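One letter stands for each residue in the lines below.
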Amino acid sequence: MSLRQTAMSLDRGLKRLTLIQLAVPMALLIVGIGGGLLQTLMRAGIIKSPSALGLEYYQGLTLHGIINAIVFTTFFAVAFGNALVSYSLRVAINLKIAWLANWLMLVGTVMVAAMVFAGEGSVLYTFYPPLKAHPVFYAGLALFVVGSWVAFWNWIPLYLQWRREHPGQKTPLAVVGIFTTFIVWQICTVPVAYEVIVLLLPWSLGWTDTINIEFARTLFWFFGHPLVYFWLLPAYVMFYTMLPKLAGGKLFSDRAGRLALMIFIILSIPVGAHHQFAEPGIGAQWKLLHSFLTLGVTIPSFITAFTMAASLEYAGRQRGAKGLLNWFGKLPYFQADNYMFAYLFVGLVIFFFGGITGIINASYNLNNVVHNTAWMPGHFHMTVAGPVFLAFIGMSLYMVQKMTGKKIKGKLALAVPYLWMIGIAIFSTGLMRGGLHGEPRRTNMGLTYLNPESSLYQPEWKLWVMMTAIGGTIMFLAMVIYFAVFFGALFGKKTEEEVLEFPLSEAYHDEKPGIFANFKPWVIAAIILIVVSYTPVLIDVMRSTAYTAPPYDPHVPSQLASSSFPPTW
Ligand code: HEM
Ligand SMILES: [Cu+2]
């Protein structure tokens, strides 16, 4: 398949669907990002009240986590997948099924959001029991996930047909990347669907009185860790297949990309217990196994880092750089009509720090130092709110521009990633340093630790929370600019032809795919490794949980005194 693809004329149905899938979550994101700003202000004690703008802290935090990290990311992955599969394979996707998927996801989103706004779902994006939400919240989550499955199933027959019609041809790397993303998603969402449908929903409906917390959390993290790769992989697709071309060069090695993606299929999932290091009831040896496997997932990230560096060096040399390092100076950092380069490049820079701090979290013993402190959101904003988010909002803009033929304010679009990078550097440093000093996460500190009237007052955290608030405000401002550019383009004047086009790179070393030609062996290896790594964890969990727990309402902690838990012997 030649990578010298040209623009394709755009199917109107695909355009309408894609714009809805990009614009609706983007509008919700205004609430999600606003929630982020409020949190930093409440944590810093600048706002000292239980709620702000009518949102209670946990309600706002739940909206923030769910909208930003689940709704926006999943809608984007589906919209991007629909368009990229269609473009790369030169096939029309089945729009009826794509709309069905879209409706399931939209209705699910509305159900979840309505419950959280109504104060009936302040269970954070991890929905850990014994926090309990309204049954409609859980049903909405289930519909949303099923919708994303349907979107994926829609691509499978297209891909199989393409393989039949193009025997011996290499599957385009972009398609391999999208399929890797959704294969990981498909495997990891099965246990969380079990958690939601079999454990949480009946419990929330009152059909069961108690719930096995440890079991539910284990099922959640079976999903929760691969979820981060579901976020990351579409960004990886852009790094491998588009960044080199945007830089003015070629992908250094096609096979390196395929290798990295296949390692993600194998190692994304059997690592979830690294979120449970602090939980009793799971043997230390299994936690250690998950820790080692987690360190294994750094390999594809290192492969990516080196391949990107080589690709960017090649691009810099194509642009006339000589000598050892001055190719760095030749890259198109500030070209308004090539804003997408900046979104991806800045994302990679932030990800360097996200990756390093992730290695710290994965280390069994270091994890004890940072567990449940502000360090954690400090770390993961440099992953999900760094390369992932920038790649997604940059590509959303690009897709709107191409698919509507409307003009983008390139200079403003270009300011967003750089402002975001400055903001996140200050924001995450504040959270991480605060965390090392014991500052907790998920806490409205304005009511307690940063309120001089409280007996819990901790003035030594002031500097770090102020940094967090300043960095968070800069990120918020970057997004104000972004929203203006995005919606300005969406509702602006049409100046060019509407096309379906992605800036796909050619490969410098265009090797044969070899053992990476087919997903099957990698999926089988993934399943074997999951069975090996999770069976002992689940056996331990079931053995160690003799008692299940009643629901817990954080607003009425006194209910514990009257409940029958803990059991009396
Ligand atoms: C203006 C930008 C943002 C600001 C100021 C911000 C601020 C914050 C703060 C302060 C927290 C920690 C709250 C606490 O633990 O008490 C937090 C949590 C979180 N943020 Fe952000 N954030 C921003 C953007 C994003 C983006 C773009 C994403 C994802 C795409 C994201 C995902 C999350 C998630 C998943 C949590 C964890 C929620 C939880 O613990 O349940 N944030 N954010
Ligand atoms: Cu993890």
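Structure: see above.
Residues numbered from 1 in each chain as written. Chains lettered and ligands numbered in written order. Predicted model: local features only at pLDDT ≥ 70, side-chain atom pairs only at ≥ 80, totals over all residues. Heavy atoms only, no water.

Caption draft 1: Spatial organisation of the coordination of the copper ion (ligand 2). For the copper ion (ligand 2), every protein donor is listed as His 225 (ND1), His 274 (NE2) and His 275 (NE2), and the spread of their distances is 1.7 to 2.0 Å. The sequence pattern describing where the donors of the copper ion (ligand 2) fall on their chain is H-x48-H-H. (Donors = N, O, S within 2.8 Å, 3.2 Å for Na, K, Ca; no water.)

Caption draft 2: How the structure looks around the packing of helix H11 (residues 298–318) against helix H12 (residues 339–362). Close contact between H11 and H12 brings their axes to 12 Å; oriented N to C, the two are set at 145°. Relative to H12, H11 is oriented so that their crossing is left-handed. For the pair formed by H11 and H12, the contact residues are Thr 298, Ser 301, Met 308 and Leu 312 on the first element and Phe 341, Phe 345, Leu 348, Phe 351 and Ile 359 on the second. Of the residues contributing to the contact of H11 with H12, the split by class is seven nonpolar, two polar and no charged. (Axes fitted to C-alpha atoms, helices over the stretch in contact; angles between N-to-C directions. Helix = DSSP H or I, 4+ residues; strand = E, 2+ residues; numbered from the N terminus. Left-handed = near helix turned anticlockwise from the far one by under 90°. Contact = heavy atoms within 4.5 Å. Nonpolar A, V, L, I, M, F, W, Y, C, P; charged D, E, K, R; others polar.)

Caption draft 3: Representation of the site of ligand 1. Near ligand 1 lie 26 residues; those nearest to it are Arg 43, Tyr 57, His 64, His 381 and Arg 442. The side chain of Arg 43 places a nitrogen or oxygen atom 2.9 Å from an oxygen atom of ligand 1. Within the side chain of His 64, an N or O atom sits 2.8 Å from a nitrogen atom of ligand 1. At the level of elements, helix H1 (12–43), helix H2 (57–89), helix H14 (375–381), helix H15 (384–404), helix H16 (410–436) and helix H17 (462–490) are the ones that each hand at least two residues to the shell around ligand 1. Sorting elements by how many residues they give to the shell around ligand 1 places H1 first, with six residues. Along the lines of polarity and charge, the residues of the shell around ligand 1 split into 15 nonpolar, eight polar and three charged. (Near = heavy atom within 4 Å. Polar contact = N/O pair within 3.5 Å; in protein donor to acceptor, adjacent residues only side chain to side chain.)

Caption draft 4: Broad picture of the packing of aromatic side chains. Under the counting rule described, the total for this entry stands at 51 aromatic pairs. Taking the centre distance of 5.8 Å and the plane angle of 55° together, the rings of Trp 185 and Phe 223 count as tilted. With Trp 185 in helix H6 (residues 173–204) and Phe 223 in helix H7 (residues 213–241), this residue pair connects regions lying 38 residues apart in the sequence. Comparing Trp 185 with Phe 223, the two get one shared label, buried. Between Tyr 339 and Tyr 343 the ring centres are 6.2 Å apart and the planes differ by 80°, which places this aromatic pair in the edge-to-face class. With Tyr 339 and Tyr 343 both in helix H12 and four residues apart, this pair spans about one turn of that helix. Looking at Tyr 339, the relative accessible area reads 3%, which means it is buried. Residue classification places Tyr 343 among the buried positions, given a relative accessible area of 0%. Above the ring of Trp 203, the side-chain terminus of Lys 132 is found at 5.2 Å from the ring centroid. (Phe/Tyr/Trp six-rings, centres within 6.5 Å; stacked < 30°, edge-to-face > 60°. Buried < 20%, exposed > 50% of the residue type's maximum accessible area, 1.4 Å probe, protein only. Lys NZ or Arg CZ within 6 Å of the ring centre and 35° of its normal.)

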